[in-house]
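Residues per chain, in single letters:
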Amino acid sequence: MKTIFLAGGAGYIGSHTAVELLNAGYEVVVADNYSNSSPEAIRRVEQITGKSVKLYEADIRDNAKLKEIFRENKIDAVIHFAGLKAVGESVKKPVMYYRNNIDTTLSLLEVMAEFDVRNIIFSSSATVYGESNPVPYLETMQRGVCTNPYGWTKAMMEQIFEDAAKADENLSVILLRYFNPIGAHPSGMIGEDPRGIPNNLMPYITQVAVGKRDHLTIFGKDYPTPDGTCMRDYIHVVDLAKGHVKAVDYILEHSGVEVFNLGTGRPYSVTEIVNAFEQVNGVPVPHEYGARREGDLPQFFANADKALKLLGWKTELSLEDMCRDSWNWQKKNPNGYRNSD
Ligand code: NAD
Ligand code: UD1
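Notes on the structure follow. What you see is a predicted model, and the numbers here were worked out from it, not measured in a lab.

Thresholds, definitions, all that
Residues numbered from 1 in each chain as written. Chains lettered and ligands numbered in written order. Predicted model: local features only at pLDDT ≥ 70, side-chain atom pairs only at ≥ 80, totals over all residues. Heavy atoms only, no water. Core = buried A, V, L, I, M, F, W, Y, C linked by side-chain atoms within 4.5 Å. Buried < 20%, exposed > 50% of the residue type's maximum accessible area, 1.4 Å probe, protein only. Contact = heavy atoms within 4.5 Å. Pairing = 2+ DSSP bridges. Helix = DSSP H or I, 4+ residues; strand = E, 2+ residues; numbered from the N terminus. Axes fitted to C-alpha atoms, helices over the stretch in contact; angles between N-to-C directions. Near = heavy atom within 4 Å. Polar contact = N/O pair within 3.5 Å; in protein donor to acceptor, adjacent residues only side chain to side chain. Areas by Shrake-Rupley, 256 points an atom, 1.4 Å probe, with all protein chains shown as cover. Nonpolar A, V, L, I, M, F, W, Y, C, P; charged D, E, K, R; others polar. Phe/Tyr/Trp six-rings, centres within 6.5 Å; stacked < 30°, edge-to-face > 60°. Lys NZ or Arg CZ within 6 Å of the ring centre and 35° of its normal. Salt bridge = Lys/Arg side-chain N within 4 Å of Asp/Glu carboxyl O.

## Some remarks on the nonpolar core
- Within the largest apolar cluster, 41 residues are counted, with the highest numbers of intra-cluster contacts made by L6 and L21.
- Leave out the neighbours within four places in its chain, and L21 touches I4, L6, Y26, V28, I79, V245 and V248.
- The next biggest cluster of nonpolar side chains, apart from the first, holds 28 residues, and it includes F5, L66, M157 and L175.

Here it is as C-alpha cells:
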C-alpha cells in the first residue's frame, strides 16, 4: 500500500483530501502545526472513513522533525498544503508570509532529497495567473503579476519546484492551481473553520446565516459582469479532494513537471451565490452592496480540459451541493472545531 504524506493536512483542503485518499486505499501521514487548524479535523477524518491516520504535530520548516517523520514512514509522495493563505494579512505581514510559505517548501525539498522521495504535489492557486491574463485561464499561459504577497509566494514556490525538478530528473512535481474551493464533506463532520472574521465569501455567508454576523457586504456592484458583481469559479472541496487522488495516481506512474487547473470552468457571480444559498437552504442572508475590495479581479475561471485529458478528472458536484454542504457543516458546528479541542 502506498503512503502519502500531507504537509498541512489538518486544514480545510488537506482534511478532505485525507478522506478521499483513505477511501481510495492509500495510507495517510499528516503533519501540521495547527496554526490554522485543529487535530480534531483528523479525528473526524478517522471517524468518517473508519481508518487511521498517523498524525504529527510539527512545523514543516523544522528539518529535524521532518527527518524524524521521513525516517519513521516510507513515504511514496508528498502533498504540500502547509501555508498561510489570508490575502489581506499577507499585505500587512509580507515577511511572515514569505518566511512561512517559502521555508516550508525548501525544507520539504531538502528532506525529500535526503530520503529519496521523488514525488510532490503542490497546492497552488489561480492567483498566479495575475492581473492581465484573459479568461478562461489555461495552464500554458505565463504566470502574471500578482496582486499581493500571498499570490507572490505561490508564484515563487512554483518557480522553485520547476527549478528543483530541472536540476534533478528524479524529482516529479505536480502544481495544482485551485480556483475557489467551498462546500464541505456531506457528513457535516469536517469543513472550513476560519479563525476570526472570515476573509472569503462562503464562510462569511454561513456565519451571517447562522446569526454570528449581522450582514454580508458584497464588494462592488459596478464590475463589467452581467449583474455587476465579481464572478469566480467555485469548486466543491470534495471534487477538489478527488482531484488530488487523481494527481497522486498520476505522479506515481509519470515523471516530470505538470501543471493542472482544478476548477469547474463555470463562473458564478457573488449575487448568484447568495441567491442560491438562500434558495437551497431556505435561510435568509441579509446583505448590502458596498465598495470594491482592493485587488479583486472582475472575473476569473478555469479551462479544466487538461485535468480531464491527463488525470481523467472533472467536477461532479453542483452549486446546489456546495451551498447545502457548506450550510450543513456550519449548522452542525457553529463554532467550527472549537468546542471539541
Ligand atoms: P488551511 O489554512 O485550512 O490549511 C493549511 C494548513 O497548513 C493548516 O492546517 C495550517 O495549520 C498548516 N500550516 C501552515 N503553516 C504551517 C507550517 N509552517 N507547518 C505546519 N503546518 C502549517 O488552508 P486550506 O484552504 O486547506 O489551503 C491549503 C493550501 O491550499 C494552502 O497552501 C493554500 O494557500 C492553498 N490554496 C487554498 C485556497 C482556498 O481558497 N482555500 C485556494 C488556493 C490555494
Ligand atoms: C482570494 C484570493 C486567492 C485565494 C483565495 C482563497 C485574490 C485576488 N484572490 O480569492 O488568491 O486563493 O482568496 O484564500 O485575492 N466577497 C464579497 N464579500 C465578502 C467576501 C468576498 O463580496 O465578504 C466577494 C469578493 O469580492 C470576490 C468573491 O466574493 O468577488 C470571492 O471572494 P473570496 O472568497 O475572498 O475569494 P477570491 O477573492 O476569489
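Next, the rest of the story.
## Remarks on the sheet that holds strand β2 (residues 27-32)
- Read across the sheet, seven strands follow the order β3-β2-β1-β4-β5-β6-β11 without closing on themselves; strand pairing throughout is parallel. Across the chains shown, the open sheet's two edge strands, defined by having one partner strand only, are β3 (54-57) and β11 (257-262). Between one strand axis and the next, the sheet turns through 20° on average, direction left out of account.
- Here strand β5 (residues 119-125) pairs with strand β6 (residues 172-178) via seven bridges, running parallel. Among the inter-strand pairings, N119 is bridged to a residue of β6, identified as S172.
- The sheet strands contacting helix α1 (residues 12-23) are β1 (3-7), β2, β4 (77-80) and β6, and the helix crosses β1 at an angle near 170°.
- Its contacts with the sheet put helix α5 (residues 94-114) on β1, β4 and β5, and the angle it makes with β4 is roughly 175°.

## Side note on the site of ligand 1
- Around ligand 1, a shell composed of 28 residues is seen, among which I13, D32, N36, S37 and K85 lie nearest.
- At a separation of 2.6 Å, an oxygen atom of ligand 1 approaches a polar side-chain atom of D32.
- Protein chains bury 95% of the 810 Å² of accessible surface belonging to ligand 1 in isolation.
- The greatest single-element share of the shell around ligand 1, amounting to three residues, is contributed by β5.
- For the shell around ligand 1, the class distribution of residues is 11 nonpolar, 12 polar and five charged.

## Quick look at the packing of aromatic side chains
- Counted according to the given criterion, the structure contains 10 aromatic pairs.
- Taken together, a centroid distance of 5.1 Å and an interplanar angle of 55° make the contact between W329 and Y337 tilted.
- Through successive ring pairs, a cluster of aromatic residues spans Y129, Y137, F179 and F300.
- Directly above the ring of Y289 sits K221, whose terminal nitrogen or CZ lies 5.0 Å from the centroid.
- If you follow R292 out to its NZ or CZ, it ends over the ring of Y223, 4.0 Å from the centre.

## A few points about the sheet that holds strand β12 (residues 268-269)
- Sheet architecture is open: three strands sit in the order β12-β9-β14, paired in mixed fashion. Edge positions in the sheet fall to β12 and β14 (299-300), since each of these pairs with one other strand and no more.
- Pairing between strand β9 (residues 231-232) and β12: two bridges, direction antiparallel. Looking at the pairing, M231 lines up with S269 of β12.

## Thoughts on the site of ligand 2
- Inspection of the region around ligand 2 gives 22 residues, with L201, T217, R232, R293 and D296 positioned closest.
- A distance of 3.4 Å is found between an oxygen atom of ligand 2 and a side-chain nitrogen or oxygen belonging to S125.
- Within the side chain of D296, an N or O atom sits 2.7 Å from an oxygen atom of ligand 2.
- When isolated, ligand 2 has an accessible area of 740 Å², and the protein chains bury 91% of it.
- Tallying contributions element by element places strand β8 (residues 216-219) first for the shell around ligand 2, with four residues.
- For the shell around ligand 2, the residue count by class is 10 nonpolar, eight polar and four charged.

## Considerations on unusual backbone geometry
- Of note, the bond from V135 into P136 is cis; its omega dihedral lies within 30 degrees of zero at -5°.
- Tracing the backbone shows P136 in the loop between β5 and α6 (149-167).

## Some points on the pattern of salt bridges
- Here the structure, examined in full by the defined rule, presents 18 salt bridges.
- The partner of K306 in a salt bridge is E258, and the shortest N-O contact between them spans 2.7 Å. Of this pair, K306 sits in helix α10 (residues 305-311) while E258 sits in strand β11, and the two are 48 residues apart along the sequence.
- Accessibility expressed as a relative area gives 21% for E258, which makes it partly exposed.

In short, geometric facts, not functional conclusions.
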